[in-house]
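Per-entry structural report
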Amino acid sequence: MAAIFIQTLPFFMVIALGYGAGRSGFFTPEATTWLTKFVFYFALSAMLLRFSANLSLREIFDPAFVWAYLCGSGAVYLLVTAVSLLRGARAEEAAVEAQCAVVGNVGFLGLPMLAILMGEAAIAAVMMVLAVDLIVFGALIVIVITGTRDGRMRPAVLGTVGLGLLKNPMIVSIVLGLAWSGLQLPIPGPVNEFLLILGGAATPGALFAIGASLAGKSAERPYVAGWLSLCKLVLHPAAVAVAALWVFDVAPYSAAVMIAAASLPVAGNVYMLAQHYGVAPQRVSTSILISTVLAALTVSLVIGWVQALY
């Protein structure tokens with residue numbers, strides 16, 4: 001386990017470096033915004049495009065995998081929603097808190113880290129987790145918040161959700177890569193090198209951006225954020241493990257990657273949604289901060305455990 005911790009430590013050291021740069025003011029909030037845009041729209045997209053272009057849809061899409069992740073995540077989502085409502089939170093607040101408990105930093109942290117620690121073969125499983133998070137849970141929070149505010153579900157909401165997915169560079173990159181793979185055409189040498197160079201910036205850029213963005217986070221309701229962090233770092237991977245290993249019988253390696261991805265800290269895009277809709281952004285901010293700090297230890301423990309599965 002100590003060896004796994006040593007392997008994961010450099011990733012969190014880069015996050016800490018970004019945090020220090022942001023906290024000291026050397027890296028301004030504006031610089032963090034632009035770095036995040038570069039990673040999101042260019043570096044990570046190049047990485048995803050290159051990987052997906054070398055995979056087939058059959059390799060990526062596994063119904064048992066998707067159902068296991070959905071059911072495990074759904075169980076935690078419902079638990080957190082119920083606890084929030086019993087605590088007296090509004091429905092839209094409960095939706096945001098449930099989102100914190102099941103949507104991890106798969107794009108910026110999981111994709112580069114798990115590809116290195118668990119091998120490039122992990123990319124297919126990570127992309128499935130990312131797709132479910134973006135398509136299912138990303139749509140669900142928008143539907144719940146807008147439906148709650150309007151008192152009914154408007155067809156226009158579905159259009160907004162669909163347009164948001166079409167504008168998401170991660171989804172676009174995966175679809176384009178799979179389409180290229182489906183044509184069974186080789187990637188031209190210069191194009192492959194271009195994607196390799198640009199995608200190589202994803203790992204350090206994403207980790208540094210995570211840290212720099214954490215520097216601007218402030219604490220609110222730490223007891224709620226602590227509960228949400230516990231759900232994300234412990235309950236979520238545990239529920240996914242039960243679903244993958246004992247309910248749906250997912251292949252050991254794919255199950256291991258799924259569980260490791262589920263153990264990641266709260267994703268930054270949850271904060272962007274909370275801020276956009278004006279629903280408990282400070283609570284989400286605190287959850288991201290606490291879960292990311294604790295993840296340096298908990299993710300190592302989970303990865304150390306799942307490696308025994310394959």
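Attention in this report is confined to the structure presented alongside it. (Residues numbered from 1 in each chain as written. Predicted model: local features only at pLDDT ≥ 70, side-chain atom pairs only at ≥ 80, totals over all residues. Heavy atoms only, no water.)

1. A word on the overall build of the chain
Assigned secondary structure in the chain consists of 15 helices and zero strands. By the compact-globule yardstick of 19 Å for 310 residues, the chain fits well, its C-alpha radius of gyration being 19 Å. Oriented by its inertia axes, the alpha-carbon framework of the chain measures out at about 55 × 45 × 40 Å. Taking the contacts inside the chain whose residues are at least 6 apart along the sequence as the reference set, 85% of them involve residues at least 24 apart. Per element, the accessible surface of the chain, about 13600 Å² overall, is 72% carbon and sulfur. (Helix = DSSP H or I, 4+ residues; strand = E, 2+ residues; numbered from the N terminus. Rg over C-alpha atoms; globule rule 2.2 N^0.38 Å. Contact = heavy atoms within 4.5 Å. Areas by Shrake-Rupley, 256 points an atom, 1.4 Å probe, with all protein chains shown as cover.)

2. Concerning helix α2 (residues 29–53)
Look at α2: 34 Å from first C-alpha to last across 25 residues, which is about the 36 Å you get at 1.5 Å a residue. At Val39, α2 is deflected by roughly 40°, the largest bend along its length. (Expected span 1.5 Å × (residues − 1). Bend = angle between axes of the 7 residues up to and from the residue.)

3. Describing a nonpolar patch on the surface
A contiguous nonpolar patch, built from Phe38, Tyr41 and Phe42 and spanning about 310 Å² of accessible area, is present on the exposed surface. As for its placement among the helices and strands, Phe42 is situated in helix α2. (Patch = residues over 30% accessible without salt bridge, like charges linked within 9 Å, V, L, I, M, F, W, Y side chains within 5 Å. Salt bridge = Lys/Arg side-chain N within 4 Å of Asp/Glu carboxyl O.)

4. Notes on the side chain of Ser73
Mapped onto the secondary structure, Ser73 falls in helix α4 (residues 63–86). Judged by relative accessible area, which is 0%, Ser73 ranks as buried. A distance of 2.8 Å separates a polar side-chain atom of Ser73 from the backbone oxygen of Tyr69. Each residue touching Ser73, except ones within four places of it in the same chain, is listed here: Val102, Phe137, His236 and Val240. (Buried < 20%, exposed > 50% of the residue type's maximum accessible area, 1.4 Å probe, protein only. Polar contact = N/O pair within 3.5 Å; in protein donor to acceptor, adjacent residues only side chain to side chain.)

5. Quick look at the pattern of salt bridges
Throughout the structure, instances matching the rule amount to five salt bridges. Salt bridges sharing common partners tie together Arg87, Arg90, Glu92, Glu93, Glu97 and Arg283.

6. Overview of helix α12 (residues 222–247)
Of all bends in α12, the biggest is about 35°, found at Leu235, and the proline Pro237 comes one to four residues later. Two residues or fewer after α12 comes Asp249, characterised by a positive phi angle close to 55°.

7. So, unusual backbone geometry
With phi around 55°, Gln184 is a residue other than glycine that occupies positive phi space. With respect to the helices and strands, the residue Gln184 is situated in the loop between α9 (169–182) and α10 (189–200). Note on Gln184: relative accessible area 72%, which makes it exposed. Even without a glycine there, the phi angle at Asp249 is positive, about 55°. Its location among the elements puts Asp249 in the loop between α12 and α13 (252–262).

8. Considerations on the packing of aromatic side chains
Counted under the stated rule, the structure contains five aromatic pairs. Judged by centre distance (6.2 Å) and plane angle (25°), the rings of Phe38 and Phe42 are stacked. Of the two residues, Phe38 and Phe42 both sit in helix α2, four residues apart, roughly one turn of that helix. Arranged with centres 5.0 Å apart and planes meeting at 90°, the rings of Tyr253 and Tyr310 form a pair that is edge-to-face. In this pair, Tyr253 is assigned in helix α13 and Tyr310 in the segment after α15 (281–306), connecting sequence segments 57 residues apart. Given a relative accessible area of 22%, Tyr253 falls into the partly exposed group. Taking NZ or CZ as reference, Lys37 lies 4.5 Å from the ring centre of Trp34, over its face. One cation-aromatic arrangement involves Arg50 over Phe51; the distance from NZ or CZ to the ring centre is 5.4 Å. (Phe/Tyr/Trp six-rings, centres within 6.5 Å; stacked < 30°, edge-to-face > 60°. Lys NZ or Arg CZ within 6 Å of the ring centre and 35° of its normal.)

9. Digging into the packing of helix α14 (residues 268–277) against α15
Two numbers describe how α14 lies on α15: the axes approach to 8 Å, and their chain directions differ by 170°. With respect to their mutual orientation, α14 and α15 come out roughly antiparallel. Where α14 abuts α15, its residues Gly268, Val270, Tyr271, Ala274 and Gln275 lie against Pro281, Val284, Ser285 and Ile288. In terms of residue class, the contact of α14 with α15 is built from six nonpolar, three polar and no charged. (Axes fitted to C-alpha atoms, helices over the stretch in contact; angles between N-to-C directions. Parallel < 35°, antiparallel > 145°, perpendicular 65-115°, else oblique. Nonpolar A, V, L, I, M, F, W, Y, C, P; charged D, E, K, R; others polar.)

10. Some remarks on the nonpolar core
Counting 98 residues, the largest nonpolar core has Leu44, Phe108, Leu109, Met113, Met118, Met258 and Val284 as the members making the most contacts within it. Considering each element in turn, this core owes the most residues, 15 residues, to helix α7 (residues 122–150). (Core = buried A, V, L, I, M, F, W, Y, C linked by side-chain atoms within 4.5 Å.)

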